[in-house]
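# Secondary and tertiary structure notes
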Amino acid sequence: LWLEGKFGFSRGFDYFDVVSTPTDSYGGRVLFDRTIDMLNRSRIPKQFMFLHTYQIHSPFAPPEDYIKKLKLKVKEKNLDTYYYDKQYLSNFDPELPEEMMKLYEAEIKAFDDFYGNFVKKLKEMGIYNQSMIVFFTDHGEEFYEHKGWSHAHALYNELLKSPLFIKFPANQHRGKTIDTPVAIIDILPTVLDFTQIRHDRKVDGLSLMPLINGGEWKRKQVYASTSVTYLVKQIQPKFAIIDSDYKLIYNYEYSPENLKFFEKYGLPPKVDEVQIFDMKNDITEIKPITGKKFASIKKRYWNDVRRVKQTIERGMAKPRKSNIRFTEAEKKKLRSLGYL
């Protein structure tokens, strides 16, 4: 629902449609089948398509044959992650995180097969080789690794470190891997740069082509924030500054009123105002850096922290206005995803 045309996502497209529900266990396959059908009927020589699916998203309800295929022993075949007042649920069956991860794995396996069949058909149609394909996701999921559930509440790697694959025409740059931290905002300028599409608009992000071509890149850090696009307003904002060596997370303090919102199911975990993690030796972010090393790294980043903090606080101070009204059917969709 968040990608409906009413929010402006249809702007600029010649065709825009929603082809399956968020809870459809075969949503990815439906999307790809519709795309192949459109490509077979199309006579347009050059096309841009943005294909979006909620296949791998809460609720985790993989096709049953994939539960069998992976030989998963699960009590439930459909599990929600937690939102709003249950975001920090602490009183749960000890087997729940593993159960959820098994269903998540089955969802990923199912989608992997659907996508593989889609690529196979593109090859059969003679489209694959000449196409640029960008494959990415916007976030991961937390299964209580850091005492939280779902997403939109924290900035640990299980939420931020997501896949980004680019397949260039004629297999250019095949097999190349880049370890430099990049961001979703870098995808658009990369596509524009590679396709040599000229534009006079200000675009967030930087083209990845210099990195891909082995040259220098202008940016040394990427940023992440839960501050201005929050789903749960009681969760205090936080932001992260990330480079190849370290990640610094700045956590705003909870007010007593906001803490009360969660106390029925479990309070947010206590964390320091500033956490710093070693991105090379502690990728799961289990042990924050402490002592003299912490003080030294914090000092190095502190001007950046102040600058980002000011930017975020200015953004949060702006009134959030919307003239969007939801129908009952749309509210039902949002509930199915856990957003209401």
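Just above, that's the structure.
About the cut-offs
- Along each chain, residues carry numbers from 1 onward, in the same order as the chain's sequence is written.
- With the structure being a predicted model, the display of local features is reserved for residues of pLDDT at least 70 and the display and counting of side-chain atom pairs for 80 or more, all residues being used for whole-chain, interface and lining totals.
- Values reported for side chains reflect all heavy atoms of the structure, with hydrogen atoms and water molecules removed beforehand.
- In this scheme, a residue with accessible area under 20% of its type's maximum is buried, one over 50% is exposed, and one in between is partly exposed, where area comes from a 1.4 Å probe on protein chains only.
- Helix numbers and strand numbers start at the N terminus; a helix is a DSSP run of H or I with at least 4 residues, a strand a run of E with at least 2.
- When DSSP finds two or more bridges between two strands, those strands count as paired.
- In what follows, residue pairs with any heavy atoms lying within 4.5 Å of each other are defined as contacts.
- Here an axis means a line fitted to C-alpha atoms, over the contact stretch when the element is a helix, while the angle between two N-to-C directions is reported on a 0 to 180 degree scale.
- An angle below 35 degrees is treated as roughly parallel, one above 145 as roughly antiparallel, one from 65 to 115 as roughly perpendicular, and anything else as oblique.
- The residue classification treats Ala, Val, Leu, Ile, Met, Phe, Trp, Tyr, Cys and Pro as nonpolar and Asp, Glu, Lys and Arg as charged. All others, Gly included, are polar.
- The angle separating two fitted axes, one through the seven residues that finish at a residue and one through the seven that start at it, defines the bend at that residue.
- Under the rule applied, a polar contact is a pair of N or O atoms within 3.5 Å (in protein, one hydrogen donor and one hydrogen acceptor; residues adjacent in sequence only if both atoms are side-chain atoms).

With that settled, consider the pairing of strand β7 (residues 246–251). The buried count for β7 comes to six of six residues, which makes it a mostly enclosed element. Where burial is concerned, the two faces of β7 agree: the one with Y246, L248 and Y250 and the one with K247, I249 and N251 are both buried. Inspection of the sheet shows strand β6 (residues 238–242) paired to β7 by five bridges, in the antiparallel sense. Bridge pairing in β7 places F239 opposite Y250. In textbook terms, the turn of a hairpin is the stretch between consecutive antiparallel strands, and for β6 and β7 this stretch comprises three residues. Sheet analysis places β7 next to strand β8 (residues 274–278), joined by five bridges and oriented antiparallel. Considered in β8, the bridge of K247 is made with F277.

Looking at helix α5 (residues 187–194), one finds that the buried residues are I187, P189, T190, V191 and L192. Looking at the buried side of α5, the elements it contacts are β1 (133–136), β4 (164–167) and α6 (209–212). Where α5 ends, the next residue or the one after it, Q196, has phi of about 55 degrees, a positive value.

Bringing the packing of helix α1 (residues 27–41) against helix α3 (residues 96–124) into the picture now. Viewed as axis vectors pointing N to C, α1 and α3 meet at an angle of 10 degrees, and their least axial separation amounts to 9 Å. Taken together, α1 and α3 sit at an angle that is classed as roughly parallel. Between α1 and α3, the residues in contact are G28, R29, F32, D33, T35, I36 and L39 and F111, F114, Y115, F118, K121 and L122, respectively. Of the residues contributing to the contact of α1 with α3, the split by class is eight nonpolar, two polar and three charged.

Before going further, it helps to examine helix α8 (residues 291–317). Residue Y301 marks the point of greatest curvature in α8, where the axis turns by about 50 degrees. Restricting attention to buried positions, one finds in α8 the residues I297, Y301, D304, V305, V308 and I312. On its buried face, α8 is in contact with β5 (222–225), β6, β7 and β8.

As a further point, take the side chain of S207. Within the element layout of this structure, S207 appears in the loop between α5 and α6. Among the polar contacts made by the side chain of S207, one reaches the side chain of D193 at a distance of 2.6 Å. Among residues more than four places away in sequence, those in contact with S207 are P189, T190, D193 and W217.

Take F136: it is sitting in strand β1. Discounting residues that sit within four places of it in the chain, F136 has contacts with F50, P163, L164, I184 and I187.

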